[in-house]
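Spelled out from the first residue to the last, the chains are:
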Amino acid sequence: MAYKRIIVMDIYEIIRRWHNQQSTTHIAIALNNDRKTIRKYIAIAEARGLSLYQPLPAKDIVIDLLHLPKNNRPATAQEILEP
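Residues numbered from 1 in each chain as written. Predicted model: local features only at pLDDT ≥ 70, side-chain atom pairs only at ≥ 80, totals over all residues. Heavy atoms only, no water.

I keep staring at the pattern of salt bridges and nothing clicks. Help me out?
One side chain can pair with another of opposite charge once the charged atoms of both are near each other. Going through the model one piece at a time under the given rule, you end up with two salt bridges. Of the charged contacts, one joins Arg-16 and Glu-13 as a salt bridge, the two residues approaching to 2.5 Å between their closest N and O atoms. One end of the pair, Arg-16, and the other, Glu-13, are both in helix H1 (residues 8–19), three residues apart, so they sit about a helical turn from each other. Residue Arg-16 is classed as partly exposed on the basis of its relative accessible area, which comes to 28%. A salt bridge links Glu-13 to Arg-17; the shortest N-O distance between them is 3.0 Å. (Salt bridge = Lys/Arg side-chain N within 4 Å of Asp/Glu carboxyl O. Helix = DSSP H or I, 4+ residues; strand = E, 2+ residues; numbered from the N terminus. Buried < 20%, exposed > 50% of the residue type's maximum accessible area, 1.4 Å probe, protein only.)

This is how it looks when you write it as structure tokens:
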């Protein structure tokens, strides 16, 4: 399977659907991702303390809790040459 970039909102959607007790297969089909990828992010969420038995925190808190990388892309040529 080809590489597919997953953005922060996709990861949050994986966690939200998992918390709503959808199956890994159902989440993978709905979001067009591999089941292994879904399981990887669920495992990260569980390791960081998220549980099916506790209410899901707000989206910002979940994103901070998972320590998802910020956008560190270099500036485009247009942004560099603009000044």
